[in-house]
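# Topology and contacts: notes
Residues per chain, in single letters:
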Amino acid sequence: MHTTTVVIGAGHSGLAMSRCLSERSIDHVVLERQEVANSWRTQRWDSLRLLTPNWQCRLPGYSYGGSDPDGFLTMPEVVDFITDYATLIAAPVKSGTPVSSVRRSNGEYRVTTNQGEWRCETVVVATGAFNVPHVPPFADAVPSSVTTLTPLEYRNPEQLSEGGVLVVGASATGVQIAAEIQRSGRQVTLAVGEHVRGPRVYRDRDIHWWMEAAGVLDERYDEVDDIVRARRVPSMQLAGTPERATFDLNALTSMGVKLVGRLAGINGGRAQFSGSLRNKCELADLKLGRLLDAIDEWAHDNGFDESSPPPNRFPPTVVDDSPPLGLDLTSGAIETIIWATGFRPDYSWLDVKVLDAKGMICHDGGVVESPGMFLLGTPFLRRRKSSFIDGARADAEELIVELTSHLDAKRSSARD
Ligand SMILES: Cc1cc2nc3c(=O)[nH]c(=O)nc-3n(C[C@H](O)[C@H](O)[C@H](O)COP(=O)(O)OP(=O)(O)OC[C@H]3O[C@@H](n4cnc5c(N)ncnc54)[C@H](O)[C@@H]3O)c2cc1C
């Protein structure tokens, strides 16, 4: 089979690119291993809602049109939103078609699937950035009496035994899961490393409203000092709840969650925590202050001081004077560990030499180091919001320009 472009993955990123390709009448197919919006159907816990407000659900030619723009979609609603988009744009999706290999041969790509091989001039990798949970190597040393789960396996507290739970990692996933389990009556200990603190509401508006208005979410990959570092920054401690609650560490402490430092290792059945908890929290408080300073400056310059409450600052994160540096995992106090320690993409099917030592695709704003290959949907691909639904719109609209010029150049050199 031959087509001009193969898009791999029918999440919102692949569909956004499909719409851009259709607009330019570029012949293409979207290959999806399972169904449209598969990640949202199969890889999220039951209670999860988007942490981005509904008004930020925007894709090329499509946006949230419901009655609650300031609310947060549930997972079934996200699946409907993305599935409706696929239907609206008549995306040529081939479901149940896992890609098992992509090779480059004689100036074209060969994409192997269970339905045969596609040959094409350009490939768009839109397979997601969060396919595989990252679990630290010392996870193997957890005593067998303790059950371990990744966020992809976690569904709800009822799945856990009644005893204490250690949640490792305090970014958006870790704080949401920790809060839910604590509310279920189980004692949660939260191991906190580097994290990004964020209030849900600031000066009467959603923090995402301010971050968008002040240009924070649109900051470009070629404008930041250290893009490698920027791509690794953990997600902000946010959740989307009907109450618009803040999920920072002070909120968790007030629920009864116990904070400890970063889990540094497990030795002889004992979890060892770093002594850096206070430093990490002070750093997160400092960075939150800087973000709010930037927002206040923007608000002042743009006439929002009159219509908004005055600037305020949140109390520093409260940390015990001497949080425990160890925890005996054989004592029965902890029955479950949840590894909220991040996610990685899965490119095990990619047979083109474009991966760095950490297994990430080498690219410049989504233009991969292999002619005619493009990437979408990874953190800070072209701007800070790239891994959000809203980020795919701007990124796809820029990458289609790159893809089209690649095709034009290829065709004109073939004519010469
Ligand atoms: C827990 C969590 C919460 C999030 N919350 C928000 C939020 O509130 N707001 C927001 O905007 N974003 C959120 N995100 C981020 C973001 O929206 C997701 O990363 C999103 O799923 C990325 O979309 P995508 O289309 O790039 O990838 P995905 O949605 O992951 O889609 C990739 C698709 O590729 C398919 N695929 C993978 N490998 C293959 C293969 N070899 N062959 C064929 N198909 C393949 C998959 O089945 C999948 O359907 C969240 C992410 C996570 C993990």
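See above for the structure.
These numbers come from a predicted model, not from an experiment.

### Section: the sheet that holds strand β8 (residues 116-120)
Spatially, 3 strands are ordered β6-β7-β8 in an open sheet, and the strand pairing comes out antiparallel. Two strands close off the open sheet at either side, each with one partner strand: β6 (99-105) and β8. Within the sheet, the average angular offset between the axes of one strand and its neighbour, ignoring direction, is 20°. Inspection of the sheet shows β6 paired to strand β7 (residues 108-113) by 6 bridges, in the antiparallel sense. When the bridges of β7 are listed, Ser105 appears paired with Glu108.

### A closer look at the site of the ligand
For the ligand, the set of nearby residues contains 30 residues, the closest of which are Ser13, Glu32, Ser39, Leu51 and Ile389. At a separation of 2.5 Å, an oxygen atom of the ligand approaches a polar backbone atom of Leu51. Val99 places a polar main-chain atom, nitrogen or oxygen, 2.9 Å from a nitrogen atom of the ligand. Protein chains bury 95% of the 980 Å² of accessible surface belonging to the ligand in isolation. Only α1 (12-23) and α2 (38-42) provide two or more residues apiece to the shell around the ligand. For the shell around the ligand, the leading source of residues is α2, giving 3 residues.

### Some remarks on the pairing of β7
Between β6 and β7, which pair antiparallel one after the other, the connecting turn spans 2 residues, and Asn106 there sits at a positive phi close to 50°. Relative to β8, β7 runs antiparallel, the two sharing 5 bridges. Bridge pairing in β8 links Val111 to Trp118. Once β7 ends, the chain turns through 2 residues before running back antiparallel as β8.

### With respect to the nonpolar core
Core analysis: the biggest nonpolar cluster contains 86 residues, and Val102, Leu190 and Met373 have the highest contact counts within it. Contacts of Leu190, omitting those with residues within four sequence positions, involve Val167, Gly169, Ala170, Gly174, Val175, Ala178, Leu249, Leu252, Val257, Lys258, Leu259 and Val260. Within the second largest apolar cluster, 17 residues are counted, among which are Ala172, Met236, Leu288 and Trp298.

### Comments concerning the packing of aromatic side chains
A complete count under the given rule lists 12 aromatic pairs for this structure. Residues Trp209 and Trp210 carry aromatic rings whose centres are separated by 5.1 Å and whose planes lie at 85° to one another, so their mutual orientation is edge-to-face. Its relative accessible area of 24% is what places Trp209 among the partly exposed residues. Taking 6.3 Å as the distance between ring centres and 80° as the angle between the ring planes, the aromatic pair formed by Tyr347 and Trp349 counts as edge-to-face. Every member of this aromatic cluster is reached through a ring pair, and the members are Tyr202, Trp209, Trp210, Trp298, Phe304 and Phe314. We note Arg104 situated over the ring of Tyr109; from NZ or CZ to the ring centre the distance is 5.2 Å. Directly above the aromatic system of Trp210 lies the positively charged group of Arg205, at a separation of 5.9 Å from the ring centroid.

### Here's the deal with the pairing of strand β18 (residues 270-273)
Only one face of β18 is covered, namely the one carrying Ala271 and Phe273; the face carrying Arg270 and Gln272 has none of its residues buried. Pairing of strand β17 (residues 263-267) with β18, which is carried by 4 bridges, proceeds in the antiparallel orientation. When the sheet's bridge partners are listed, Asn267 is paired in β18 with Arg270. Between β17 and β18, which pair antiparallel in sequence order, lie 2 residues; one of them, Gly268, sits at a positive phi of approximately 55°.

### As for the sheet that holds strand β11 (residues 147-149)
Whenever strands of a sheet pair, they do so through backbone hydrogen bonds, lying parallel or antiparallel. Spatially, 5 strands are ordered β11-β20-β12-β13-β16 in an open sheet, and the strand pairing comes out parallel. Every other strand in the sheet has two partners, leaving β11 and β16 (258-261) as the edge strands with one partner each. Taking the axes of each pair of neighbouring strands and ignoring which way they run, one obtains an average angle of 20° across the sheet. Its contacts with the sheet place helix α4 (residues 172-183) against β12 (164-168), β13 (188-192) and β20 (334-339), and it is angled at close to 165° to β13.

### Thoughts on the pattern of salt bridges
Across all of its chains, the model carries 32 salt bridges by this definition. Its salt-bridge partner being Arg383, residue Asp218 comes within 4.0 Å of it at the nearest N-O pair. With Asp218 in the loop between α5 (207-213) and α6 (227-230) and Arg383 in the loop between β24 (373-375) and α9 (389-415), the pair connects residues that are 165 residues apart, well separated along the chain.

### Here's the deal with the state of the cysteines
Following the criterion strictly, the structure yields 0 disulfides and no others. Here Cys20 is not cross-linked by a disulfide; its sulfur's nearest cysteine counterpart is in Cys57, at 17 Å. For Cys20, a relative accessible area of 2% puts it in the buried group.

### Quick word on helix α3 (residues 75-88)
The α-helix advances 3.6 residues per turn, and as a result positions three or four apart in sequence lie on the same side. Counted at 1.5 Å a residue, the expected span for α3 with its 14 residues is 20 Å, and the 20 Å between its end C-alpha atoms agrees. If you check which residues of α3 are buried, you get Met75, Val78, Val79, Phe81, Ile82, Tyr85 and Ala86. Axial view of α3: buried residues confined to an arc of 160°, hence all on one face. Residues of α3 that are exposed and angled more than 90 degrees away from the buried face: Pro76, Thr87 and Leu88. Two residues or fewer past α3, Ala90 is found with a positive phi of approximately 50°.

The rules behind these values
- Per chain, residue numbering runs from 1 following the sequence as it is written.
- Thresholds applied to this predicted model are a pLDDT of at least 70 for local features of residues and 80 or more for the giving and counting of side-chain atom pairs; totals over whole chains, interfaces and linings are not thresholded and use all residues.
- Neither water nor hydrogens contribute to the side-chain values; these are computed over all heavy atoms in the structure.
- The pairing criterion for strands is at least two bridges between them, as found by DSSP.
- The way it works is that DSSP assigns letters per residue, a run of H or I at least four long becomes a helix, a run of E at least two long becomes a strand, and they are numbered from the N terminus.
- Helix axes are fitted to C-alpha atoms over the stretch in contact, other axes to C-alpha atoms as well, and angles between N-to-C directions run from 0 to 180 degrees.
- We call a residue near a molecule or strand when any one of its heavy atoms sits within 4 Å of it.
- Distance and chemistry together define a polar contact, namely a pair of N or O atoms within 3.5 Å, with one atom able to donate a hydrogen and the other to accept it when in protein, and with adjacent residues in sequence counting only for side-chain atoms on both sides.
- Exposure was quantified through the Shrake-Rupley algorithm and a 1.4 Å probe, taking into account, for residues, occlusion by the shown protein chains and nothing else.
- Here, the term nonpolar core denotes a set of buried Ala, Val, Leu, Ile, Met, Phe, Trp, Tyr and Cys residues that are joined through side-chain atoms within 4.5 Å.
- Summary of the burial criterion: residues with accessible area below 20% of their type's maximum are buried, those above 50% are exposed, and those between are partly exposed, where the area comes from a 1.4 Å probe applied to protein chains only.
- Residue contacts are defined here by distance: any two heavy atoms, one from each residue, within 4.5 Å place the two residues in contact.
- For this analysis, a ring pair means two rings from Phe, Tyr or Trp (six-membered ring only for Trp) whose centres lie within 6.5 Å, classed as stacked if their planes differ by under 30 degrees, edge-to-face if by over 60, and tilted for the remaining angles.
- A ring is scored as having a charge over it whenever the NZ atom of a lysine or the CZ atom of an arginine sits within 6 Å of its centre and within 35 degrees of its normal.
- Just to be clear on terms, a salt bridge is a Lys or Arg side-chain nitrogen sitting within 4 Å of an Asp or Glu carboxyl oxygen.
- Count a disulfide wherever a pair of cysteine sulfur atoms falls within 2.5 Å.
- In this analysis, the expected span of each helix is defined as 1.5 Å times one less than the number of residues it contains.
- Arc definition: directions from the helix axis to the C-beta atoms.

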